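Listed below, chain by chain, are the residues.
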Number of protein chains: 2
Amino acid sequence: MGRSVHSNDDEHETKDIASVTSSRRHGSGETMHKVGPPSKNNLMKEFKTTMKETFFSDDPLRPFKDQPRSRKFVLGLQAVFPILDWGRSYNFAKFKGDLIAGLTIASLCIPQDIGYAKLAGLLPQYGLYSSFVPPLIYAFMGSSRDIAIGPVAVVSLLLGTLLQAELDPELNPIEYRNLAFTATFFAGVFQFTLGFLRLGFLIDFLSHAAIVGFMGGAAVTIALQQLKGLLGIKNFTKNADIISVMKSVTSSARHGWNWQTILIGVSFLAFLLTAKYIGKKYKKLFWVPAIGPLISVVVATFFVYITRADKDGVQIVRHIDQGINPSSVKSIYFTGKYLTVGIRIGAVAGMVALTEAVAIARTFAAMKDYQIDGNKEMVALGTMNIVGSMTSCYVATGSFSRSAVNYMAGCRTAVSNIVMAIVVMLTLLVITPLFKYTPNAILASIIISAVVGLMDYEAVILIWKIDKFDFCACMGAFFGVVFIGVEMGLLIAIAISFAKILLQVTRPRTAVLGKLPRTTVYRNIEQYPEASRVPGVLIVRVDSAIYFSNSNYIKDRILRWLTDEDEQLTAKGLPQIQHVIVEMSPVTDIDTSGIHALEDLHKSLHKRDIQLILANPGTAVIDKLHTSKLDDVIGHDKIFLTVADAVRSCHPKSTIDEV
Amino acid sequence: MGRSVHSNDDEHETKDIASVTSSRRHGSGETMHKVGPPSKNNLMKEFKTTMKETFFSDDPLRPFKDQPRSRKFVLGLQAVFPILDWGRSYNFAKFKGDLIAGLTIASLCIPQDIGYAKLAGLLPQYGLYSSFVPPLIYAFMGSSRDIAIGPVAVVSLLLGTLLQAELDPELNPIEYRNLAFTATFFAGVFQFTLGFLRLGFLIDFLSHAAIVGFMGGAAVTIALQQLKGLLGIKNFTKNADIISVMKSVTSSARHGWNWQTILIGVSFLAFLLTAKYIGKKYKKLFWVPAIGPLISVVVATFFVYITRADKDGVQIVRHIDQGINPSSVKSIYFTGKYLTVGIRIGAVAGMVALTEAVAIARTFAAMKDYQIDGNKEMVALGTMNIVGSMTSCYVATGSFSRSAVNYMAGCRTAVSNIVMAIVVMLTLLVITPLFKYTPNAILASIIISAVVGLMDYEAVILIWKIDKFDFCACMGAFFGVVFIGVEMGLLIAIAISFAKILLQVTRPRTAVLGKLPRTTVYRNIEQYPEASRVPGVLIVRVDSAIYFSNSNYIKDRILRWLTDEDEQLTAKGLPQIQHVIVEMSPVTDIDTSGIHALEDLHKSLHKRDIQLILANPGTAVIDKLHTSKLDDVIGHDKIFLTVADAVRSCHPKSTIDEV
């Protein structure tokens, strides 16, 4: 094999590493291609690219390009209110789908709302209020076509837990309610701000696994708390952890349970779970579990009304205010000690609500292949909660279960949310008095059957199979919620997610490469055992950008590969390593610490008379090697386009290619 | 070109994706190689590898392998006390080098120690104490051969600032001193614990750039504070920020300055800076700046003694306790309100001290090519500070300037530290009374000339050239220290470093690949403009592991590349993209969120009748594709070893290879 790499003498001709190798290989049609030249060091461009990828990665301004001003105004309006865009092609066929879906989710949400409001420590009507105003706002501003907006179990529980740590809803009902509106207001402000500042990517730091664990734990906690209603227990703990709840249940076992309540609760729970099972088994019968709760409420209410079981200790709803949302602008605390409390609770509840809504929006968008702008969604969700907080609503978001029903019932646009809101409005205006005799036990059954779906054991099994670290995060969040509390579970989930990120950036993988027989392809010898090492050459691939957080590790790891290799070679009586080739294809960037580490590596190898060779550094890396003059130190003729070229340079006379 | 990729019918033969492609290409000697098979799912092995790379990446137990128990005991002892290892080959030649180096750094450290103790708000003797016990301990336990241990300017300033926020050294001298010992004790405990738990990698999260900025800012702050001594100002601000200091200086300009003090201070500062310049210019004259401070002290002290300039307002040291370190075990607060304060201050000072020492140890280890075990170093530094806190020392660490002098004076082992400690001991025993007439101005000059070296403007320029983001971190830390305070600067440095890590993991790079002419090599078309796109095929390389923090971004980014490409093709009237090849070589790992994102990507592409093809997934990725059954969904025949193979599968009849 011949080789004619440029020597250092050529430098005056070409000035940079672009000139490394451009000679023809003998014996094959392939050329030794030169390594891509360093780009012009354009700071503004680099900065703009980074900013764009960070904050505008979805390129929201694309349609505005090259448009007249009036058109830009219309487009801008459509960006804020997508209904102006999709509404223009709205037709009767779409409306038929939306109407059926809207009616279905309305029948599902009305009983759920009443139950969820109790979870949040609020009176039943506030749940219904929250299913009226927020979905209307969302329909105008949101871009998901399938999401069903309203109160959800996990956020209600979280809000209730956080609020009750500050105030007792029975002793200070007014302050409690006002603090709930305050928290809702700031949850909305938080969501709006994140979206407006295009910081939506921050919610990606809650990993899927952590969310699965958190949701499962919250579901268990919620289900356990429903034992109060289901068993008709009067003195029930206010703590949400499993130990307090089980103590409450067992200590009240002798005298506190009410058999009539249990009869109603358990029989309807059985009915609801059966309906759920049927809906899952036969996709066409999705409407069975969807209207099951409403039927249960009607039947149970009628039953209690007839038998007057409330006189035998069956607890009933008793009273729901009639009429639509009153204003609550003056209830929000903008000063005083509850302001900071409200901001804190709002931030936590707002974040969880956001995570849930965006996850739902993305899931269904992928199923129907349309695009969701996470940041725009956040602005819509934030606006809806801000307006909601002023009209007696508490934090609303997208509901997993109702969105799935919405999707299966054939919704086409957000109009299904409008239909639902109108039904809820009619309910508030006309039929709330009928809920008087609804037994609390039936609400408990409905909540339990709803949250069962949040315990996604199939996802947990998949997580266990795919990634053990994810499984730890999932279990950590789950047990944190169940045994300590919702807040702690959330904290554990975030902490484990972050630990994983830190591990990723501190300990990137490296691999020793070998040559696949009869190719010029070099691959990880652990993955491809048939790959053979090249005598006297150690080829290491670094699988990450080299930054301050990992530069020392990478340097030490490469030296350790070298020591390992040399030991084995000595044991076999083979000659030692003379060349270390670092395959840099995956090294997309390097910073000053990384440059120093490479320099140190070169020094260490030089002391041992070993040649450092780089293969395929990317644009950014070449650029920085050049500005730091490290390419002069390593040698311009030691930087190659491919590992194959680099190996060839180590063995000019050998016949590697023919092996 | 012929193609004979296995069809799905072949699956019964081979059962997994290992079988994808193994047929011969026509017209060349290369084969289409099969993709490496999924590894056996060995949880314990995976866990062990992760643990090892995280905590034992330097393989500290390697020498213990296959050794008898007695030998293991000796090795263990040598691991804790490296002196038992290198001491056995110690000889006179080495001692000669260490003796000269030790005497040189002793002459440098004695005047510095007195000045630095004042920076920390302590009496001068505590500086000398800290140059006696800690270096002795380090010599037995440390593994760096070049580091010079003792008090350093930045840590002294930091400790002084933090302590003075709690106590006034003039009003409560005893409590202040005791709190200093308490902080030193917990700094040691913190360092020891980090090392013992092998969490040393945590200090890598302070980036090089942030350290440069922080050090520079601290140097400016220290130099400014020395204006008090240099100008003989009596009423000087206690704040460390530049604005307070400049106000103090200007407001005292009329009556507060002392011309005799200024004369002494400025003339000796000029002498010291000249000496420093000479030492830098002529490497052989390194001893000139090294003994400059001691000469200045001797000359200035003699001058003041002769002229009794102290009677004219020249402030002098006045008194230094004679004798070696008294015990301070009982001074440490193990209870009470100062315990938590001490722990907090100790953790901050300990971390900064650690960062400095480990950076020095690594720098010199790379220059002489020996290995430093960061964790073992931390144990040594921690032990030395714990013992130090019990013998009236404050936080000691490695000094940049003295270590450089140590290295240049030809030190061979840590014995130079022992020599230095003995000289300091003799100083404490015999000659401290002679320091009585030493003017404070000379100490100020010495400190200024010492910290000038910490302002590493060359490094700043290099950082600016290499990485703009690093430059921001550097400047943030610098201005934070100078304008707000040492603590805030440190906080800014850490925050910016973390922001960079988060950006890295949320927004990994992607690149569109093209074919280099006359090769089968596919490279980034932005770096290699001569690379040509393959008609109808979009090849995207993802440059990072796909984790929850970036999975959505990566999916959206690939779809955006597709939209961009399709728009351009439509504009040119060319046919649309039919195949998307994702080059996965740099994707070393994928988690459940990543699997979901790939699934979503496949769904979206499928809806558009575009085929998703994967090239060269690594072991972990193949494994997880397999366990999640996503490989069945994508198709086993759509996973290839190289991009070239994948492209060939898209164009079975074309002549891509001959282009």
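What you see is a predicted model; the values in this text were computed from it and never measured.

Caption draft 1: Spatial organisation of the overall build of chain A. Along chain A, the regular secondary structure elements total 27 helices and 8 strands. When the 659 residues of chain A are sorted by exposure, 54% land in the buried category.

Caption draft 2: The relation of the copies chain A and chain B, seen in detail. Under the fitted operation, chain A is carried onto chain B by 0.0 Å of movement along the axis and a turn of 180°, and the coordinates agree to an RMSD of 0.1 Å. Both copies of the chain, as the preceding transformation shows, are related through a two-fold rotation axis. Residue Pro586 of chain A of chain A places its C-alpha closer to the rotation axis than any other residue of that unit, at 2.3 Å.

Caption draft 3: The arrangement of the interface of chain A and chain B in detail. Contact with chain A, which involves 76 residues of that partner, is made by 76 residues of chain B. Here the element with the most residues in the side of chain A that touches chain B is helix α24 (residues 592-607) of chain A; it accounts for 8 residues. Considered class by class, the residues forming the side of chain A that touches chain B number 23 nonpolar, 27 polar and 26 charged.

Caption draft 4: Quick look at the nonpolar core. One finds Leu159 and Ala349 of chain A together with Leu159 and Ala349 of chain B to be the most contacted residues of the largest nonpolar core, which totals 394 residues. With sequence-adjacent residues up to four places away left out, Ala349 of chain B is seen in contact with Val155, Leu158, Leu159, Leu162, Ala183, Ala187 and Val395 of chain B.

Caption draft 5: Region of the structure containing the packing of helix α5 (residues 92-119) of chain B against helix α19 (residues 440-451) of chain B. All names here are of chain B. In contact at an axis separation of 9 Å, α5 and α19 are set at 95° when each is read in the N-to-C sense. Accordingly, the angle class assigned to the pair α5 and α19 is roughly perpendicular. Within the contact between the two elements, α5 uses Pro111, Gln112, Ile114, Gly115 and Lys118 and α19 uses Leu443, Ile446, Ile447 and Ala450. Partitioned by chemical class, the residues of the contact of α5 with α19 number 6 nonpolar, 2 polar and 1 charged.

Caption draft 6: Main features of the domain arrangement of chain A. Looking at the assigned domains, one finds that chain A contains domain 1 (92-498) and domain 2 (510-650). One C-alpha centre belongs to domain 1 of chain A, the other to domain 2 of chain A; they are set 54 Å apart.

Caption draft 7: Here's a closer look at the sheet that holds strand β3 (residues 510-515) of chain A. Residue and element names in this part refer to chain A. Judged by pairing direction, the sheet is mixed, and its 6 strands sit side by side in the order β4-β3-β5-β6-β7-β8 without closing on themselves. Edge positions in the sheet fall to β4 (522-524) and β8 (639-640), since each has one partner strand and no second. Contacting β3, β4, β5 (537-542), β6 (579-583), β7 (611-615) and β8, helix α27 (residues 643-650) runs over the sheet at an angle of about 170° to β6.

Caption draft 8: Seen up close, the packing of helix α13 (residues 259-281) of chain B against α19 of chain B. Residues and elements named next belong to chain B. The interhelical angle for the contact between α13 and α19, taken along N-to-C directions, is 30°, at an axis separation of 8 Å. When the axes of α13 and α19 are compared, the pair comes out roughly parallel. In the packing of α13 onto α19, the handedness of the crossing is right-handed. Contacts between α13 and α19 involve Thr261, Ile264, Gly265, Phe268, Leu269, Leu272, Leu273 and Lys276 from the first element and Ala441, Ile442, Ala444, Ser445, Ile446, Ile448 and Ser449 from the second.

Caption draft 9: Highlighting the UniProt feature "domain: STAS" (unreviewed entry) in chain A. The UniProt record marks residues 527-650 of chain A with the feature "domain: STAS" (unreviewed entry), using the residue numbering of this structure. Along residues 527-650 of chain A, the helical share is 48% and the strand share 15%, with 24 Å between the first and last C-alpha atoms.

Caption draft 10: The arrangement of the sheet that holds strand β7 (residues 611-615) of chain B in detail. Residue and element names in this part refer to chain B. The mixed open sheet is built from 6 strands, whose spatial order is β4-β3-β5-β6-β7-β8. The open sheet has two edge strands with one neighbour each: β4 (522-524) and β8 (639-640). With 5 bridges connecting them, strand β5 (residues 537-542) and strand β6 (residues 579-583) associate as parallel partners. In the sheet register, Ile539 faces β6, and the bridge partner there is Ile581. Packed onto the sheet, helix α27 (residues 643-650) meets β3 (510-515), β4, β5, β6, β7 and β8 and runs at close to 170° relative to β6.

Caption draft 11: Structural view of the environment of Glu46 of chain A. Positionally, Glu46 of chain A belongs in helix α2 (residues 43-55). Exposure remark for Glu46 of chain A: the 16 C-beta atoms within 10 Å place this residue in the partly exposed category.

Caption draft 12: Looking closely at the environment of Ala106 of chain A. All names here are of chain A. Within the secondary structure, Ala106 sits in helix α5 (residues 92-119). Taking the C-alpha atoms as reference, Ala106 lies 9.5 Å from Leu294; in sequence the two are 188 residues apart. Setting aside residues no more than four positions away along its own chain, Ala106 makes contact with Val419, Met420, Val423 and Val424.

Caption draft 13: Looking closely at the confidence of the model for chain A. All names here are of chain A. On average, residues of chain A score 84 in pLDDT, and 92% of them are at 70 or above. No element of chain A has a lower mean pLDDT than helix α1 (residues 11-14), which averages 34, and none a higher one than strand β1 (residues 149-150), which averages 96. In this model, residues 1-31 is a region of pLDDT below 50 whose contacts with residues beyond four sequence positions or in other chains number 57 contacts. Predicted confidence for residues 655-659 stays below pLDDT 50, and this span has 7 contacts to residues more than four positions away or in other chains. Here the complex is predicted with pTM 0.77, and the ipTM for its interfaces comes to 0.79.

Caption draft 14: Structural view of unusual backbone geometry. Residues and elements named next belong to chain A. Even without a glycine there, the phi angle at Lys629 is positive, about 60°. Checked against the element boundaries, Lys629 lands in the loop between α25 (619-627) and α26 (630-634). Lys629 gets classed as exposed once you count the C-beta atoms within 10 Å, which come to 11.

Caption draft 15: Representation of helix α10 (residues 208-225) of chain B in the model. Look at α10 of chain B: 26 Å from first C-alpha to last across 18 residues, which is about the 26 Å you get at 1.5 Å a residue. Among the 18 residues of α10 of chain B, 16 are classified as buried, and the element is accordingly described as predominantly covered.

Caption draft 16: Just the pairing of β3 of chain A, in detail. All names here are of chain A. The buried count for β3 comes to 5 of 6 residues, which makes it a mostly enclosed element. In terms of strand pairing, β3 meets β5 through 3 bridges, oriented antiparallel. Considered in β5, the bridge of Thr510 is made with Val542. Sheet topology places β3 next to β4; 3 bridges connect them, and they run antiparallel. Counterpart to Lys515 in the pairing with β4 is Tyr522. As consecutive antiparallel partners, β3 and β4 are separated by 6 residues, and within that stretch Arg518 has a phi angle of approximately 60°, a positive value.

Rules used throughout
- Residues numbered from 1 in each chain as written.
- Chains lettered and ligands numbered in written order.
- Predicted model: local features only at pLDDT ≥ 70, side-chain atom pairs only at ≥ 80, totals over all residues.
- Helix = DSSP H or I, 4+ residues; strand = E, 2+ residues; numbered from the N terminus.
- Buried ≥ 20, exposed ≤ 12 C-beta atoms within 10 Å, placed from the backbone.
- Least-squares fit on C-alpha atoms with pLDDT ≥ 70 in both.
- Contact = placed C-beta atoms within 7 Å.
- Nonpolar A, V, L, I, M, F, W, Y, C, P; charged D, E, K, R; others polar.
- Core = buried A, V, L, I, M, F, W, Y, C linked by C-beta atoms within 7 Å.
- Axes fitted to C-alpha atoms, helices over the stretch in contact; angles between N-to-C directions.
- Parallel < 35°, antiparallel > 145°, perpendicular 65-115°, else oblique.
- Domains from an automatic or database assignment.
- Pairing = 2+ DSSP bridges.
- Left-handed = near helix turned anticlockwise from the far one by under 90°.
- UniProt positions renumbered as here; feature names shortened; annotations may be inferred.
- pLDDT = per-residue confidence, 0-100.
- Expected span 1.5 Å × (residues − 1).

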